[in-house]
Amino acid sequence: MYETLWPDVEKLLATVQKPARYIGGELGAVAPTHLPGNVAWLLIYPDTYEIGLPNQGLQILYEILNERHDALAERAYAPWVDMEAAMRDAGVPLFSLENHLPARSFDVLAFNLSAELVYTNVLNLIDLAGVPLHTLERTLEDPLVLAGGHCAFNPEPLAEFVDAFVLGDGEEVVAELTEVLARSKTESEEGGDRHDLLATLASLDGVYVPSLYRPVYDSSRLVRIEPLDPNAPETVEKRTISDLALWPYPRNQLIPLTEVVHDRLNVEVFRGCTRGCRFCQAGMVTRPVRERPFDQVGEMTRLGLDRSGYDEVALTSLSTADFSGIQDLVRDVVEDPRNDGQVSVSLPSLRVDAFTVETAAQIQRVKRTGLTFAPEGGTWRMRKVINKLITEEDLYKAVDAAFSQGWRRVKLYFLIGLPTERDEDVLGIAELGKRCVEIGRRYQRSVTVVASVGGFVPKAQTPFQWFGQDSVEELQRKVTLLRNAGSGVKGFNIRWHDPEATVVEGLVSRGDRRIGAVIERVWRAGGIFQEWSERFDLSKWQDALARESLSFEEVAYRDRDENEALPWDHISAGLHRDFLWSQWQDALAETSLEDCRWTPCYDCGACTGYGLEHVVASALPPAGGSQGTGQDLSSGQRVPVDLISRPSR
Amino acid sequence: MSEVDSSKRTERRPAEAIRSPRLRLRYSKLGKVRFTSHRDVARIWERALRRSGIRVAWSSGFSPHPLLAFGLALPTGCESLGEYVDVRLERTPEELFDGIDSAHPGGIAGRSSRVDPGDDLISPGPQGLRELLRGLSAFLPDGIDVQAAALCADGTGSLQEEVTSCSWEMEVREVSEEQLAERVDRLLGASRVFVTRERKGIERFDDIRPQVLDLLCSTGPGVYAGSSSSPRARLFVETATRPRGLRPMELIKGLGDDLVLSRACRTNQWIDRLGTRSEPLDAASVAPVPLATRTKECVS
C-alpha cells in the first residue's frame, strides 16, 4: 500500500515559490479513502495550479467520479520548475493534492488537454509520475494514461504517449471507463492482459486507443490510418450528453485557498454554439446547442454563491448573451436581496452589439473599468470569410454604448493570419481601433482602446483545417504593419501574441503521429511550460523538427487539398467532411452562413448524425441588432423554423 | 420577484457615518494552511464572512472593498496561535443577528461541525454575536480557527499601530542543543548582528540585534514540544515590530548560515503601553488555546 508523501513534500515547500499550489485543502475538495476494489483516478491539468484549478471540465469529472461507489478521484497539476527540481532532487514523484499520494498509486492518470503548448508538460508529468513514457512500454502494473479535452480532436501528436483518448463530453463515458477498469482490476489478479484491456476500451463509444491503429505513409505523406484490431472502429465518434439538466455539475465548485485565474463562481449556461465562426474549434466540436434550464441556472447560482462566499458569478458558455432569457437571469442575480448588491455577474463572452452593453450595464453598476468585444476581423470582407458577421454599425453602437455609460476601457480581440487576408484587412484593425477612440472621446476625456491581436492557428474539425498557416515572418510583418498604422494615436494600444508560439501551436494542432517524436525531443531538451512566454523556446522546436526530417513548411504552412488524408480523419465530432469542405470553399468565396438556431438545418452532421436536437428554451431570437449573425433579427419575430423548446419541467 | 430599489444596493452606508462597530477576532493558522500567503488569508476571510452572513461594511469610492484590517503579515510558511483581524460591521450587533437569522434559518451555529470555542472565549456581548462567532470556524479552512472575539472599545487603535512585539517559537534543524545554546549566547552578547535581507525586492544589510528583545533556547513545553521523533531544543523569541518586523528566517540567519529553520509559530502579539504588556484582545476574552485545536489538521 502507498503512504502519503506529505512529510516529504512539506520539507520542500519552504524552498519554493507559491507553496500553496501544493497543499490542496480547497473548499469542496474531498480526501477519498482508497479501497482495493475502487478505480482510483488522478485527474491532471498539465499546467500550474493557478491556471488548472478553475478548469470546470476537470471539476465536473472529479465530482461525478467521487460520487460513485466504485471510483474515487484526486487531482494533480504541473509543479512549477522550482518545485519539480526540488522533487526530482529529493526523489519525490508527482503526487495528488488530496492525500499527497504518489501518482503511481492510481489506476488512471487522466490528462485535460486544453491547449497544444502543454503537450511537453504532459510528457514531463508522465515521467515525473514514474510511469514509462510510451504506451508500448507500459504493462498492467502501470497506471492507464488517458486524455480528453478539445485538443483530443487531433490526438495523433500524443498517440505514442497516451493509452486512450476520450472524445467529447466526459460525463457519461467516465462511468463506462470505470466499469471496464474495475473488471480489469479483478481479472488482473488472475493474470489479465493489457492488450485485452485496451481492446475493450476501444469498443466504448467515444474512446480512441491509438495503439490499435497504424498510420500508413506514402513516401513522406500520410495516406490513411487503419485499425489493427476488430474492436477498433474505423471512425471514433465523440460523446455528447443530450440534456445538460441531468448534469448540474459542479455542485461543489472548488474554492481555492490561494490565488487562481477566474477566481469566481462559474455556472455553465449552455454547451455548444451554432454561430458557425469558421476558425473556432470549440464552436464546431461542441455542437449542438444544449441550454441548461433557466431555473436550474438560477438555483446553481444561488447555491454556489451561498456555499462559496464568492462575490462574482460568471455565466459561462461560448456566447452567453445568446442564452434564452439572459436578461431575466442577470436581473434575478443582480437584484436578489440576499446578494445585497455585492455580487457581480460576468459574461465572459460578450456579443458585439448595443443590446449586450445594456445587459453589461445592468451588471456592472459600480466598477466600470473595461469591456471586451471580439470582432476578430478588421474588415467586413474578412469577417464574412470567417463567418463572424459583425457589422461596423454593430461594433460602433456597442462601443458608443460602452463609453457613453461610463466604461473607460474597451478591449477588442482580433486575429491576423486568417485565410485570404490582405494587408488592408490588417490595417482595418487599426482603422476600427482609431474610430473607437474617437467615439470614446465624445463622452470622456481619456479613453483607452486596446486591440489584442492573436495569430490564427488552424484547428482540426473546422472549415479552416485545410488552410496553410502564415509563417513566423509573415505574421511578424503583419504585426509590424499594424503597429505602424496604429502608432501615434493617443489612447489606442496594440498588443500581440508571439508569432513564434503561434506557429508551434499550428504545428502541433495539425501534426500527425510523427510530431510525437518532435514533442519528445523538445521535452528532453528541457522545453516545458511552453505556453509561458518566458519559457517558450522556438529553437528547441526547430532543432527537433530538423532531427525528425520534418518542417513548419510541410506541417503548418501548407494548404491541404480536398483529397489529402488528414491525421484526424478517423476521429469525428459529428461534422460531415463535405460540410466542412463546403464551408472552406464558401469562406474563400466570401460567402457567409446563417446561425442555424434561426434558420432551417443545413445538416452539418452534429444533430442529424447523432439523433440530437438543439435544446433551447425560447423559439424567439432575443431582440436587438443583427447580433453578429448578419440576419435581420431586430424585430424579435418568430423565426421561420421550428425550434425544439424544452418542455417545462 | 418584487422590484427592488436599485439605489439602495449601490450606495452602501459609509462605515464612518454610522460609527459602525469594529469586531476584533483572534485566530490560529496551523498545519498545511500555513503555506498560504497573507493576501490569501485576507481573501479566505472575506469569503468566510460572506458565507457566515456577517455583514461587513464596505468602503465607498470607485473600487469598493470590504473593510477588514489585518495586523502584521505572517510570513508564508509560518504558523500562528495569535493572528488578528479587525472587521468593520455594517450593522450594530443586534441588527446583525436579525440578518443572520433570516439568512440561516435555524441559526448559524447549527451548521457548525467544528470545535466550539465556548462562551468563555468570547467577550460578553449581545447574544446574537456570540451565537454567530461560535459557528464562524466552520466557514474557515482546516487550521484556521477563531479563538476569541470582542467588539473594540471606541478609540482602540489599529493592529498595525498598536502591536509592538511578537513572541515566536521556532524549531531548528542541523544543530545540537549545545551548539544552539552557544549561538544564542553569542547573539545576545553581541551589540550588533548584521544580516542580508530582502524587503520589497531590495536586498538590505541590516542590524537585527535591536529587534531581538528576548531569546531563549529550551527543551521545555511549547507548541512544538514532542512534535518530532527526538526531543530537540527550540527557540523562544520575542521580537520588536519597529522600525520593521523581524522574520524568523532572518533571525536564524543571524544565528548562523548553517542552521535550517524547520518550523516557526507566532504564539503571541503584544501591545506595550508604558511598560505594561497586553495582547490585542483583553486577557479576559482570551483563553488558553486548547491543544485539540492545533492538532485537528494532523488528526484528519
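The structure under discussion appears in the preceding block.
I will try to describe carefully the structure that is included in this document. Predicted model, so just to flag it, every value in this text is computed and none were measured.

**Let's talk about the overall build of chain A**
Helix and strand content of chain A: 20 helices and 19 strands. Counting the 649 residues in chain A, one finds 63% classified as buried. Contacts in chain A between residues far apart in sequence, at least 24 positions, make up 77% of those at least 6 positions apart. In the form shown here, chain A has an accessible surface area of approximately 24,000 Å², with 48% of it arising from carbon and sulfur atoms.

**Thoughts on the overall build of chain B**
Within chain B one finds 8 helices and 11 strands. Within chain B, buried positions represent 51% of all 300 residues. Look at the contacts in chain B between residues 6 or more apart in sequence, and 76% of them connect residues 24 or more apart.

**Concerning the interface of chain B and chain A**
Contact residues are listed per partner, giving 30 residues for chain B and 35 residues for chain A. For the pair chain B and chain A, the summed buried area comes to about 2,900 Å², and 52% of that belongs to carbon and sulfur atoms. For the pair chain B and chain A, the number of links is 6 salt bridges. The salt bridge partner of R39(B) is E259(A), with a shortest N-O separation of 3.6 Å. One can count 9 residue pairs in polar contact (both at pLDDT 80 or more) joining chain B with chain A. Sorting the residues of the side of chain B that touches chain A by element identifies α1 (6-10) and α2 (38-52) of chain B as the ones contributing at least two each. It is α2(B) that contributes the most residues to the side of chain B that touches chain A, 7 residues altogether.

**With respect to the pattern of salt bridges**
Residue and element names in this part refer to chain B. Enumeration according to the criterion identifies 70 salt bridges over all chains in this entry. The partner of E83 in a salt bridge is R266, and the shortest N-O contact between them spans 3.0 Å. Placement of the pair is E83 in strand β3 (residues 79-88) and R266 in strand β10 (residues 260-273), with a sequence separation of 183 residues. The partner of E250 in a salt bridge is R197, with the nearest N and O atoms 2.8 Å apart. Linking E250 in helix α7 (residues 248-255) with R197 in strand β6 (residues 194-199), this pair joins segments that are 53 residues apart in sequence.

**Focus on the sheet that holds strand β17 (residues 448-455) of chain A**
All names here are of chain A. With parallel pairing, the 4 strands of this open sheet are ordered in space as β15-β16-β17-β18. At either margin of the open sheet sits one strand with a lone partner, and together these are β15 (370-376) and β18 (492-496). Averaged over all pairs of adjacent strands, the angle between their axes in this sheet comes to 20 degrees, without regard to strand direction. Bridge count between β17 and β18: 5 bridges; the pairing is parallel. Looking at β18, one finds that V449 is bridged to F492. Packing against the sheet, helix α13 (residues 392-404) makes contact with β15, β16 (409-416) and β17, and its axis sits at approximately 155 degrees to β16.

**Details of helix α1 (residues 6-13) of chain A**
Buried within α1(A) we find W6(A), V9(A), E10(A), L12(A) and L13(A). Looking straight down α1(A), one finds its buried side chains confined to an arc of 160 degrees; they lie on one side. On its buried side, α1(A) packs onto α4 (81-90) of chain A together with β10 of chain B.

**Re the pairing of β6(B)**
On any regular strand, side chains alternate: one points to one face of the sheet, the next to the other face. All names here are of chain B. Residue alternation in β6 divides its side chains into a buried set, V195, R197 and R199, and an unburied set, F194, T196 and E198. Relative to strand β7 (residues 202-207), β6 is paired through 6 bridges, and the arrangement is antiparallel. Directly across from F194, in β7, lies its bridge partner D207. Counting the residues in the hairpin turn of β6 and β7 gives 2 residues, including K200, whose phi is positive at 50 degrees.

**A look at the side chain of T274(A)**
Residue and element names in this part refer to chain A. For T274, the position within the fold is in the loop between β11 (270-271) and α8 (281-285). Side chain to side chain, T274 and D595 meet in a polar contact 2.7 Å long. Contact partners of T274, with chain neighbours within four places excluded, come to R287, V289, D595, C596, R597, Y602 and H614.

**Re the packing of α1(A) against α4(A)**
What describes two packed helices is the angle between their axes and the distance between those same axes. All names here are of chain A. Closest axis-to-axis distance for the α1/α4 pair is 10 Å, and the angle between their directions is 130 degrees. Classed by the angle they form, the pair α1 and α4 counts as oblique. Of the two elements, α1 crosses α4, and the hand of that crossing is right-handed. Judged by residue contacts, V9, L12 and L13 of α1 engage M83, A86, M87 and A90 from α4. A breakdown of the residues in the contact of α1 with α4 according to their chemical character gives 7 nonpolar, no polar and no charged.

**Quick notes on the sheet that holds strand β14 (residues 344-346) of chain A**
Residue and element names in this part refer to chain A. Spatial strand order, β10-β13-β14: 3 strands in an open sheet with parallel pairing. Either end of the sheet is taken by a strand with one partner, and the two such strands are β10 (265-268) and β14. Neighbouring strand axes in the sheet, compared pairwise and without regard to direction, differ in orientation by 25 degrees on average. In this structure, strand β13 (residues 312-316) lies alongside β14, joined through 3 bridges in parallel fashion. By the bridge assignment for β14, A314 is matched with S346. Contacting β10 and β13, helix α9 (residues 294-308) crosses the sheet at an angle of about 165 degrees to β10. Contacting β13 and β14, helix α10 (residues 326-335) crosses the sheet at an angle of about 165 degrees to β13.

**A look at the environment of S52(B)**
Residue and element names in this part refer to chain B. With respect to the helices and strands, S52 occurs in helix α2. Each C-alpha atom, one on S52 and one on G135, is 8.0 Å from the other, the two residues being 83 residues apart in sequence. Among the polar contacts listed, one links the side chain of S52 to the backbone oxygen of L49, at a separation of 2.8 Å.

**Describing the packing of helix α17 (residues 515-524) of chain A against helix α18 (residues 538-547) of chain A**
Residue and element names in this part refer to chain A. Close contact between α17 and α18 brings their axes to 9 Å; oriented N to C, the two are set at 135 degrees. Classified by the angle their axes make, α17 and α18 are oblique. In the crossing of α17 with α18, the sense of the turn from one axis to the other is right-handed. When α17 is examined against α18, the residues I515, V518, I519, R521 and V522 are found in contact with a partner set consisting of K540, W541, A544, L545 and R547. Looking at the contact of α17 with α18 residue by residue, the classes come out as 7 nonpolar, no polar and 3 charged.

**Notes on the packing of aromatic side chains**
Residues and elements named next belong to chain A. Following the criterion strictly, the structure yields 17 aromatic pairs over all chains and no others. With 4.9 Å between their ring centres and 90 degrees between their planes, W466 and W581 make a pair best called edge-to-face. With W466 in the loop between β17 and α15 (472-486) and W581 in helix α20 (residues 577-588), this pair connects stretches of sequence that are 115 residues apart. Comparing W466 with W581 shows no difference in burial state: the two are buried.

**A look at the pairing of strand β2 (residues 71-77) of chain A**
All names here are of chain A. β2 sits mainly inside the fold: 7 of its 7 residues count as buried. Burial along β2 is two-sided: the face carrying A71, A73, R75 and Y77 and the face carrying L72, E74 and A76 are both buried. Bridge count between strand β1 (residues 39-45) and β2: 7 bridges; the pairing is parallel. Bridged to V39 within β2 is A71.

**Examining helix α3 (residues 56-67) of chain A**
Residues and elements named next belong to chain A. Spanning 12 residues, α3 covers 17 Å between terminal C-alpha atoms, matching the ideal 16 Å at 1.5 Å per step. Burial runs high along α3: 9 of the 12 residues are buried. Those residues of α3 not exposed but buried are Q56, L58, Q59, I60, L61, Y62, E63, I64 and L65. Packed against the buried residues of α3 are β1, β2, β3 (108-112), α6 (173-188), β10 and β11. Where α3 starts, the residue carrying a side-chain oxygen 3.1 Å from the main-chain nitrogen of G57 turns out to be N55.

**So, the environment of I241(A)**
All names here are of chain A. With respect to the element layout, I241 can be found in the loop between β9 (236-237) and β10. For I241, a relative accessible area of 1% translates into the label buried. Between the alpha carbons of I241 and R271 there is a distance of 9.7 Å; along the sequence they are 30 residues apart. Residues contacting I241, with those up to four places away along its chain left out, are D169, E171, E172, W247, R271 and R290.

Criteria and thresholds
Residues numbered from 1 in each chain as written. Chains lettered and ligands numbered in written order. Predicted model: local features only at pLDDT ≥ 70, side-chain atom pairs only at ≥ 80, totals over all residues. Heavy atoms only, no water. Helix = DSSP H or I, 4+ residues; strand = E, 2+ residues; numbered from the N terminus. Buried < 20%, exposed > 50% of the residue type's maximum accessible area, 1.4 Å probe, protein only. Contact = heavy atoms within 4.5 Å. Areas by Shrake-Rupley, 256 points an atom, 1.4 Å probe, with all protein chains shown as cover. Buried area = accessible area lost by both parts, 1.4 Å probe. Salt bridge = Lys/Arg side-chain N within 4 Å of Asp/Glu carboxyl O. Polar contact = N/O pair within 3.5 Å; in protein donor to acceptor, adjacent residues only side chain to side chain. Pairing = 2+ DSSP bridges. Axes fitted to C-alpha atoms, helices over the stretch in contact; angles between N-to-C directions. Arc of directions from axis to C-beta. Parallel < 35°, antiparallel > 145°, perpendicular 65-115°, else oblique. Left-handed = near helix turned anticlockwise from the far one by under 90°. Nonpolar A, V, L, I, M, F, W, Y, C, P; charged D, E, K, R; others polar. Phe/Tyr/Trp six-rings, centres within 6.5 Å; stacked < 30°, edge-to-face > 60°. Expected span 1.5 Å × (residues − 1).

Without other data, these values stay purely geometric and don't point to any function.
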